[in-house]
Amino acid sequence: MSPATALCHARVLTPDGVIDGLAVLMQDGRIADLVANDAVPAEAKRVDLGGALLAPGFIDAQVNGGGGTLFNNDTSVEAIRTIAEAHRRFGTTGLLPTLISDDAEVMARAIAATRDAIAQQVPGILGIHLEGPYIAPARKGTHDAGKFRVPGEDEVAMATSLANGVTLLTLAPEQVPADTIRAMVARGAIVVAGHTAATYEQVRTGIDAGISGFTHLYNAMSPLQGREPGAVGAALEDDGCWCGVIVDGVHVHPASLRVALAAKPRGKVFLVTDAMPPVGADDPSYVLYGETITAIDGVVRNAAGALAGSALDMITAVRNSVHLLGLPLEEALRMASTYPAEFLGLGSTHGRIAPGYQADLVALDAGLQVVGTWIGGK
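The structure contained in this document is the topic of the report that follows.

What counts as what
- Residues numbered from 1 in each chain as written.
- Predicted model: local features only at pLDDT ≥ 70, side-chain atom pairs only at ≥ 80, totals over all residues.
- Heavy atoms only, no water.
- Helix = DSSP H or I, 4+ residues; strand = E, 2+ residues; numbered from the N terminus.
- Rg over C-alpha atoms; globule rule 2.2 N^0.38 Å.
- Buried < 20%, exposed > 50% of the residue type's maximum accessible area, 1.4 Å probe, protein only.
- Contact = heavy atoms within 4.5 Å.
- Areas by Shrake-Rupley, 256 points an atom, 1.4 Å probe, with all protein chains shown as cover.
- Lys, Arg positive; Asp, Glu negative; His and termini not counted.
- Charge placed at Lys NZ, Arg CZ, Asp CG, Glu CD.
- Pairing = 2+ DSSP bridges.
- Axes fitted to C-alpha atoms, helices over the stretch in contact; angles between N-to-C directions.
- Left-handed = near helix turned anticlockwise from the far one by under 90°.
- Nonpolar A, V, L, I, M, F, W, Y, C, P; charged D, E, K, R; others polar.
- Core = buried A, V, L, I, M, F, W, Y, C linked by side-chain atoms within 4.5 Å.
- Salt bridge = Lys/Arg side-chain N within 4 Å of Asp/Glu carboxyl O.

**Section: the overall build of the protein chain**
Looking only at helices and strands, the protein chain has 10 helices and 20 strands in total. Computed over C-alpha atoms, the radius of gyration of the protein chain comes to 20 Å, within 12% of the 21 Å expected from 2.2 N^0.38 for 378 residues, which places it in the range of a compact globule. Across its three principal axes, the protein chain shows a C-alpha extent of roughly 60 × 45 × 40 Å. Relative to its 378 residues, the protein chain shows a buried fraction of 57%. Excluding contacts between residues fewer than 6 apart, the proportion of contacts in the protein chain whose partners are at least 24 apart in sequence is 69%. Carbon together with sulfur atoms contributes 50% to the accessible area of the protein chain, which is approximately 14,200 Å² in total. Across the protein chain, the centroid of the 26 positively charged side chains sits 2 Å from that of the 40 negatively charged ones.

**Examining the sheet that holds strand β18 (residues 299–300)**
If you trace the 3 strands from one edge of the open sheet to the other, you get β16-β17-β18, paired in antiparallel fashion. In this open sheet, the two strands that pair with only one neighbour each are β16 (285–288) and β18. Alignment of strand β17 (residues 291–296) against β18, held across 2 bridges, turns out to be antiparallel. The residue of β18 that forms the bridge with Ala295 is Val300.

**A word on the packing of helix α4 (residues 178–186) against helix α5 (residues 200–209)**
Taken N-terminus to C-terminus, the directions of α4 and α5 make an angle of 35 degrees; their axes are 8 Å apart at the nearest point. Here α4 runs over α5; the crossing is right-handed. Here Ala178, Ile181, Arg182 and Val185 of α4 lie close against α5, whose contacting residues are Thr205, Gly206 and Ala209. Here the residues of the contact of α4 with α5 are counted per class, giving 4 nonpolar, 2 polar and 1 charged.

**Regarding the pairing of strand β1 (residues 5–14)**
Of all 10 residues that make up β1, 8 are buried, and the element is covered over most of its length. Where β1 lies against strand β4 (residues 45–48), 4 bridges are found, and the strand directions are parallel. When the bridges of β4 are listed, Thr5 appears paired with Lys45. Between β1 and strand β2 (residues 17–27), which pair antiparallel one after the other, the connecting turn spans 2 residues. Bridge count for β1 against strand β5 (residues 53–56) is 2 bridges, and the pairing is parallel.

**Observations concerning the sheet that holds strand β10 (residues 127–131)**
In space, the 8 strands of this open sheet follow the order β6-β9-β10-β11-β12-β13-β14-β15, with parallel pairing throughout. If you trace the sheet from one side to the other, it starts and ends with β6 (58–63) and β15 (269–271), each paired once. In the sheet, strand β12 (residues 190–193) pairs with strand β13 (residues 213–214) via 2 bridges, with the strands oriented parallel. Residue pairing for β13: Ala193 is matched across the bridge by Phe214. Against the sheet, helix α8 (residues 314–323) makes contact with β6, β9 (92–100) and β15, and its axis sits at roughly 105 degrees relative to β6, the strand it touches most.

**Brief notes about the environment of Phe343**
Structurally, Phe343 is set in helix α10 (residues 338–343). Here Phe343 falls in the buried class, since its relative accessible area comes to 7%. A sequence separation of 101 residues divides Phe343 from Trp242, and the C-alpha atoms of the two residues are 6.8 Å apart. Leaving out residues up to four positions away in the same chain, Phe343 has contacts with Ala61, Leu168, Ile190, Val192, Trp242 and Phe270.

**Observations regarding the nonpolar core**
If you look at the biggest cluster of nonpolar residues, it comprises 93 residues, and the most contacted ones within it are Phe214, Leu271, Phe343 and Leu344. For this core, the element with the highest residue contribution is helix α2 (residues 104–119), accounting for 7 residues. Met26, Leu49, Ala52 and Tyr357 belong to the second largest nonpolar core, which has 17 residues in total.

**Structural notes on the pattern of salt bridges**
Scanning the entire structure with this criterion turns up 12 salt bridges. The residue Asp20 makes a salt bridge to Arg11 at a minimum N-O spacing of 3.5 Å. The class of Asp20 is exposed, set by a relative accessible area of 52%. Arg334 is the salt-bridge partner of Glu331, the closest N and O atoms lying 3.9 Å from each other. Residue Glu331 and its partner Arg334 are located together in helix α9 (residues 329–335), separated by 3 residues, close to a single helical turn. Each member of the pair Glu331 and Arg334 is classed as buried. Members of the salt-bridge network, linked through shared partners, are Arg266, Glu330, Glu331 and Arg334.

Structural data, given as structure tokens:
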């Protein structure tokens, strides 16, 4: 057993709220204990955080790229490492590299690279998010409709073949038979609705088949209307389903996000970035499907004017949740850590500062800037 490290003199966000005067003891990659600062064992290595706020590390279920790298363009372990390192400086200690709609061969390479990255213990890699290609042309966003298809048995097996991490699949329930959705869930995938033109009834059929959430709520989905609730209405009505939201002030109006928070049970709405290569990079441009796209004033659009992901990072999403949505800081931090961990089925190991949990942590200064991160205690 390795010596413990004690993160001392922090304000610690525990499951019971922020507590001053605690030290967090980390040992062998996990949180060993929370003790008073004057009760730290003498043999522990001390790290004085000088009053910083210590929160669970952020978990982002939708990361297309970062550090100048797009996962669709480079399905390698090194690309995954580059993306994770770029997001770590913004407090993200766990993520799903996200592949948007592509050919089956590219999907297979992306899954293989993710499997290898997890096996090699690349810090922060929790699994993969396959966003498409089983989605609706009418709500394609920046996806290439030429890649869209309905998966057969062999492709379902391939898409759910990551055995050592989480598989998240975004699909349009009106495009994929309910039995296929059931097969994906039976093979261990978390299946969510997104890029969908489905009616309320079609979404309900998908939920009955195993859909458990919604990708970037409001964006690229049939809206809530008086006589046609659409995908948004189904999402807001269903207490069991999770909703990822992009809080950048561009993708969704803050009032619409406040409506979602009021409608959903606490803990069922969580933050995602939908980040593209400009995050953590000096170059605001990248290539997607052969088209050069440039982030302008933090907004990413393709030539047709469709939003093409975001230039958002997770700590900015947290700050926006406080300033744009009026949320308490503690709740915004949970939306970036505790709730996505629960959504991904990792709630017993990630997303909390408590004994036995993974030592994935982020330290924030008074201005909510990231001043330190730990993944597995390192």
